[in-house]
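Chain by chain, the residues run as shown.
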Amino acid sequence: MTTRQDEEETHLLQQPDQLVARTSPLPWDQFWIILFLQLSDSLVVQTLAPFTPQLIRDIGVTNGDESQVGHYVGILQSSYYTAQALTILPWSQLSDHIGRKPVILTAQFAMSISMFSFGLSKNFVGLVVSRAFCGAFNGSNGVIKSMVMDITDTTNLPKAFSYMPLPWMLGTLVGPLVGGSLSRPVDRFPEIFGRSILLQIYPYLLPCAVPAIFALVAWLVAYFCFKESVSTTTPLWKLTKGRLLRQSYAKPFPPSRNALAVREVANSEGVASKPLPLCALLTPKVLTVTTSYVTMTLLYMGFSSVLPVFYSTPIELGGLSLDPPKIGAILAVSGVAHGVFQLLFYSRLHDRFGAGAMHVTGVVSGIPIIILFPVTNALARVHGLGLAVWLSVGVQLSLVTSLIMCYPCLVLFIRAAAPNRASLGATNGIVQLVVAGAKIVAPASAASVFSYSMQEGHDAWSIYYYLMAFAFLAVGTSLLLPRDPSLWEDHQ
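Residues numbered from 1 in each chain as written. Predicted model: local features only at pLDDT ≥ 70, side-chain atom pairs only at ≥ 80, totals over all residues. Heavy atoms only, no water.

## Topic: the overall build of the protein
Part 1 of the argument: Along the protein, the regular secondary structure elements total 26 helices and zero strands.
Part 2 of the argument: Among the 492 residues that make up the protein, the fraction classed as buried is 54%.
Part 3 of the argument: Across the protein, every contact between residues at least 6 apart in sequence was considered, and the portion connecting residues at least 24 apart equals 82%.
Part 4 of the argument: Accessible area for the protein stands at about 21,200 Å²; split by element, carbon and sulfur atoms hold 65% of it. (Helix = DSSP H or I, 4+ residues; strand = E, 2+ residues; numbered from the N terminus. Buried < 20%, exposed > 50% of the residue type's maximum accessible area, 1.4 Å probe, protein only. Contact = heavy atoms within 4.5 Å. Areas by Shrake-Rupley, 256 points an atom, 1.4 Å probe, with all protein chains shown as cover.)

## Focus: the environment of G318
Part 1 of the argument: Along the chain, G318 turns up in the loop between α18 (284-312) and α19 (324-353).
Part 2 of the argument: Not counting chain neighbours up to four residues away, the residues in contact with G318 comprise F310, N377, R381 and Y464.

## A short note on the nonpolar core
Part 1 of the argument: Within the largest apolar cluster, 110 residues are counted, with the highest numbers of intra-cluster contacts made by V289, M296 and Y311.
Part 2 of the argument: The element best represented in this core is α18, accounting for 15 residues.
Part 3 of the argument: The residues touching Y311, leaving out its near neighbours within four places in the chain, are L320, S321, L322, I327, I330, V393, Q396 and L397.
Part 4 of the argument: In this structure, L276, A280, L281 and I430 belong to the second largest nonpolar core, which totals six residues. (Core = buried A, V, L, I, M, F, W, Y, C linked by side-chain atoms within 4.5 Å.)

## Observations regarding helix α24 (residues 424-454)
Part 1 of the argument: For α24, which comprises 31 residues, the first-to-last C-alpha distance of 44 Å matches the rise-based estimate of 45 Å (1.5 Å per residue) to within 8%.
Part 2 of the argument: Summarising burial for α24: 24 of the 31 residues are buried, a large majority. (Expected span 1.5 Å × (residues − 1).)

## Re the UniProt feature "transmembrane region" (unreviewed entry) in the protein
Part 1 of the argument: Mapped onto this numbering, the UniProt entry gives "transmembrane region" (unreviewed entry) at residues 166-184, 204-226, 286-307, 327-346, 353-375, 387-418, 430-451 and 463-481.
Part 2 of the argument: As a span, residues 327-346 carries 100% helix and 0% strand, and end to end its C-alpha atoms are 27 Å apart.
Part 3 of the argument: Summarising residues 430-451: 100% helix, 0% strand, and an end-to-end C-alpha distance of 32 Å. (UniProt positions renumbered as here; feature names shortened; annotations may be inferred.)

## Considering empty space enclosed by the protein
Part 1 of the argument: One pass over the structure, following the stated rule, counts one cavity of 30 Å³ or more.
Part 2 of the argument: Of the volumes computed, that of the largest cavity is approximately 1,300 Å³.
Part 3 of the argument: Along its surface, the largest cavity is lined by 49 residues, and V45, Q46, W168, Y300 and M301 are the ones closest to its centre.
Part 4 of the argument: Sort the elements by how many residues they give to the lining of the largest cavity and α18 lands first, with eight residues. (1 Å grid on protein atoms, 1.4 Å probe; cavity = no way out; pocket = protein on both sides within 12 Å on 5 of 7 lines; lining within 4 Å. Points joined across faces, edges and corners; volume = space filled by probe spheres on them.)

## Considering the environment of T106
Part 1 of the argument: Along the chain, T106 falls in helix α5 (residues 100-120).
Part 2 of the argument: C-alpha separation for the pair T106 and S140, spaced 34 residues apart in sequence, amounts to 8.8 Å.
Part 3 of the argument: In this structure, T106 is in contact with W91 and F137, ignoring residues within four places of it in sequence.

## With respect to the packing of helix α4 (residues 69-98) against α24
Part 1 of the argument: Packing of α4 against α24 brings their axes to within 8 Å, and their N-to-C directions diverge by 175°. The angle between α4 and α24 places the two elements in the roughly antiparallel class.
Part 2 of the argument: Here the residues of the contact of α4 with α24 are counted per class, giving 14 nonpolar, 15 polar and two charged. (Axes fitted to C-alpha atoms, helices over the stretch in contact; angles between N-to-C directions. Parallel < 35°, antiparallel > 145°, perpendicular 65-115°, else oblique. Nonpolar A, V, L, I, M, F, W, Y, C, P; charged D, E, K, R; others polar.)

## Describing the pattern of salt bridges
Part 1 of the argument: By the definition in use, this model includes four salt bridges.
Part 2 of the argument: Between R100 and D96 there is a salt bridge, and its shortest N-O distance comes to 2.9 Å. Each member of the pair, R100 as well as D96, carries the same accessibility label: buried.
Part 3 of the argument: The partner of D150 in a salt bridge is R100, and the shortest N-O contact between them spans 2.7 Å. (Salt bridge = Lys/Arg side-chain N within 4 Å of Asp/Glu carboxyl O.)

Given below as structure tokens:
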């Protein structure tokens, strides 16, 4: 009896060490490169935000109608996501076969070319073409998530995603400052750039050149330092001949049985599995997480597209009358705050509450976030840009932290929903394809409704009703997810 008790005590004492041993360390030799690549994408997006409304005014496409600025800003944002929606699934599927590295190199080069083109554009068509080009060839949005899943496992993936805000935090800090401070440099810094004919003709080239050059640096880092994360790759020329398509996609497997068989082989025997056909990826789990991801994206993208337009719109028309430097500073400070909070607390909150509870909390926070738009404008009308207004802005941006943390939570559900490891890229591509559609609809529609609500004779609250509908949709679909992704993996 004593011997058995000693064995049980020894077993219990060993359990903490075993649990610690099960947590894999992060592969920092490759993970830092992924963070660096994501910083490039963040810089491109965040640099454009502060000066885009003013750029729309300068090119004259609105003919002086202030209420149309938001409409054209939304079209410009949606052009990127439309092109991305048409290509993100092919890029994701291609990365499962030829590897992640060639796709990432193509994306970095496309971002650099498109940013130079954007800065040199003098009309609205040129701006749209530049953003559409970037969206069509930038497959990094979905592939980077697949790269993180490739080099991690279920024990260290939440910790990896606690670091993912770092590049977005830096991008949100540097990007708005670059976009807000370096736009129209001849006017802002005449003693330095006053003699530059190039910058007089192209007043927005300088802020666009900064992320463009950084993307080229990221291309060099990826080319020389990143090791391919896909274990088995096929040369592109073989794909063009159709050999892989005949082998992997032409065979008529029953979706659920095929996915289950491949997963069992990959997990139990360690045998490398092959990418599955698209029909085998459309499982109930994938469709559930896709629906939740789409509604959350509608909410966040709608809010994000309205926010800078709301800041730049005159107070009497429903905004705050802020100039690009102030908008850039606000976005920069909020981006740093969001990133620091997620870096310090996401992993702990995930371990304490689980991904499901965090996601529900995040989308619920969208309701007060939207309500604070009219509240902030009402305070500005009564008190001007005083302490009450800035407190309202601070509370709103603080609540956004909870909404942003929905993204890493949903990535954990995508990994758990994937039928097998070799189809992570394609599974993520399917989700990102539908999400890209939401990114097309949300910015253009929200900005257009905002412009509509500002026009005389229209309900000024129309935009807030519209965004609130997104919030309730996101809350409803979030309840379809389990409380933790491991529940899906346990039933594979």
